Amino acid sequence: MPSYTAPTKDMQYILHDVLKVTDQAIPGYDELERDFTAAILEECGKLNSEVLAPLNVVGDTEGCVLENGVVRTPTGFKAAFDQVREGGWAGLDMPEEFGGQNMPYVIATATLEMFAASNQAFAMYQGLTHGAASAILAHGTEDQKATYLPKMVNCDWTGTMNLTEPHCGTDLGLMRTKAEPQEDGSYAITGQKIFISAGEHDMAENIIHLVLAKIPGGPEGIKGVSLFIVPKFLVNEDGSLGARNGVACGKIEEKRGIHGKSTCVMNYDGAKGWLLGDLHKGMRAMFTMMNEARLGVGMQGLAQADVAYQNALAYAKDRLQGRAVTGVENPDGPADPLIVHPDIRRNLMDQKSFTEGARAFIFWGATLIDQAHRNSDADADGLISLMTPVLKGFLTDKGYDMTVQAQQVYGGHGYIEEWGMSQFTRDARIAMIYEGANGVQALDLVGRKLAQDAGKHVMAFFEMVKSFCKDNADESMEPYVGPLKQASKDLQAAGMFFMQNGMKNPNAALAGSTDFMHMMGHVCIALMWARMARVSLDALANGTPDPDFHQTKLATARYYMARQLPATAMHLARIQSGADPVMGLAADQF
């Protein structure tokens, strides 16, 4: 059975040495002292490695079962969910007035990685609840907040988001679910939603559904969509649970992975719901939840890559196969361990350089969210808006690739279920699809985010890279700064191509959108590696007590710069080929 060890040392390095969280002028960051964050991360790591990770294979093999309208979760899930609830883990960054601990989002992000790595399917029950609670916090009335948030923050009640219908996925303007106004100010919700994560289960007293629907007579298309709070059980004025609402699970989807998470078809039959946010502004309210979910999904890409890498590394050190070409390295055994072979090293270095770079990227993104929310910083908000499709799309594309590479280390054993590596690839695959398929993320990046606020935020990012390179133009940093500068130039050249060609031929830009998203992802991770290189070079110069850790960081940074970052040149060449190679065939020629 695979195991999981929380990478708390690396998390502490990023938080305190790279991001220097206690030095940042963000409310609450002064409390994130090294000992304090260590205590949180160690306790969370223990819960995930000892309780949730062993349940990962249980959830995969047992799955969820629908019985008489109730979904039974896998053995051990409910008891584990009680432990998560009792520990207050779901509400770390939520307001204290609703039972949260009001910690910065960056520390909640670190715990989220552990939950997603140890048991992705399990983690989604609390993760979606957090997103639904965030939407109510941002858009709800005072009565709605008082009614729902105290129970949702501690996961006594869980939450969902209901968007997709059988005939419409990304194009939500086509939805048919209706919301009929009632005399008491509520709405009767009727329709069917599919792919609803945690839509029904047995781990919470109540489930609070956030449902997109159209009010008859409203504007056509997406402009006529509103968002509604639809509880599984109605809530009485004293906060107790009342009658069962007109919402039921009609089916559990059979999926390739995340079997421990119930993915439901939800049927609404005149269910009583209440408007959340403004009339016909449902997408604005829902995007509060979706943007948070997209960052969480990006984390799933990293998390599955990391747990797969941990197990592949252990296997490569233990499995004896062949002899090193430079001479025997295990003379007492019949063969050398796999890790002596250069191609296995390449494979493992791909994984290591991605996971550690992606972790820094996501943690940096979390600080932007804290800066935007806690300081009301519009520039930080614009920058994380720009980065959101990159974090979601690039990290899940590459995260899935890394789980496949980890599986490859095992050879045939990686393909059979006994060793558990297949589950990582199967669970990671969904992250490229839900919360906006990655092609949609790329279109959002190129079609909307680059031009947002007249291009202010992407120009700020380019200036950030340029300033870092200028400030670190010493000889010791050249192996990191030189490749970063070239990759940034490639990215800027791609942006220039879009500007020169996109208006007269939009396909010329959109045909290269996924390439651009990957280019930007590589540049972001390279910037993180360059920042880590600066920190580790300084640590070695100042006589660190842990030189091996920092030397390893520098070697891994050099690998990323030499072996991964040159991909930006390939992506640029693809982009500059324009739309013709992509659009060259008529539809009936395929």
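Data block above holds the structure.
Conventions adopted
- Residues numbered from 1 in each chain as written.
- Predicted model: local features only at pLDDT ≥ 70, side-chain atom pairs only at ≥ 80, totals over all residues.
- Heavy atoms only, no water.
- Buried < 20%, exposed > 50% of the residue type's maximum accessible area, 1.4 Å probe, protein only.
- Helix = DSSP H or I, 4+ residues; strand = E, 2+ residues; numbered from the N terminus.
- Arc of directions from axis to C-beta.
- Contact = heavy atoms within 4.5 Å.
- Core = buried A, V, L, I, M, F, W, Y, C linked by side-chain atoms within 4.5 Å.
- Polar contact = N/O pair within 3.5 Å; in protein donor to acceptor, adjacent residues only side chain to side chain.
- Salt bridge = Lys/Arg side-chain N within 4 Å of Asp/Glu carboxyl O.

On to helix α3 (residues 77–87), then. Three or more residues of α3 are buried, namely Phe77, Ala80, Phe81, Val84 and Arg85. Each buried residue of α3 lies within a common arc of 145° when the element is viewed along its axis, so the set occupies one face. For α3, the secondary structure elements touched by its buried residues are α2 (34–62), α4 (105–118), α5 (120–139) and β3 (157–162).

A word on the nonpolar core. With 180 residues, the main nonpolar core has Leu210, Phe361, Met387, Phe461, Phe516 and Met520 as its most contacted residues. The element best represented in this core is helix α7 (residues 282–318), accounting for 17 residues. In contact with Phe461, not counting residues within four places along its chain, are Leu383, Met387, Leu491, Met520, Val523, Cys524 and Leu527.

Let us now look at the side chain of Arg359. The residue Arg359 is located in helix α8 (residues 342–374) in this model. A polar side-chain atom of Arg359 sits 2.7 Å from a polar atom in the side chain of Asp10. In this view, Arg359 contacts Pro7, Asp10, Met11, Ile14, Glu113, Leu302 and Asp306; residues no more than four positions away in its chain are not counted.

Let us now look at the pattern of salt bridges. Note that side chains of opposite charge can pair when their charged atoms are close. All chains considered together, the criterion is met by 30 salt bridges. The salt bridge partner of Lys9 is Asp546, with a shortest N-O separation of 2.5 Å. In this pair, Lys9 is assigned in helix α1 (residues 8–18) and Asp546 in the loop between α15 (513–541) and α16 (547–564), connecting sequence segments 537 residues apart. You can call Asp546 partly exposed: its relative accessible area is 25%. One salt bridge in this structure joins Asp184 and Lys272, with 3.1 Å as the shortest N-O distance. With Asp184 in the loop between β4 (178–181) and β5 (187–197) and Lys272 in strand β11 (residues 263–275), this pair connects stretches of sequence that are 88 residues apart. Note on Asp184: relative accessible area 54%, which makes it exposed.

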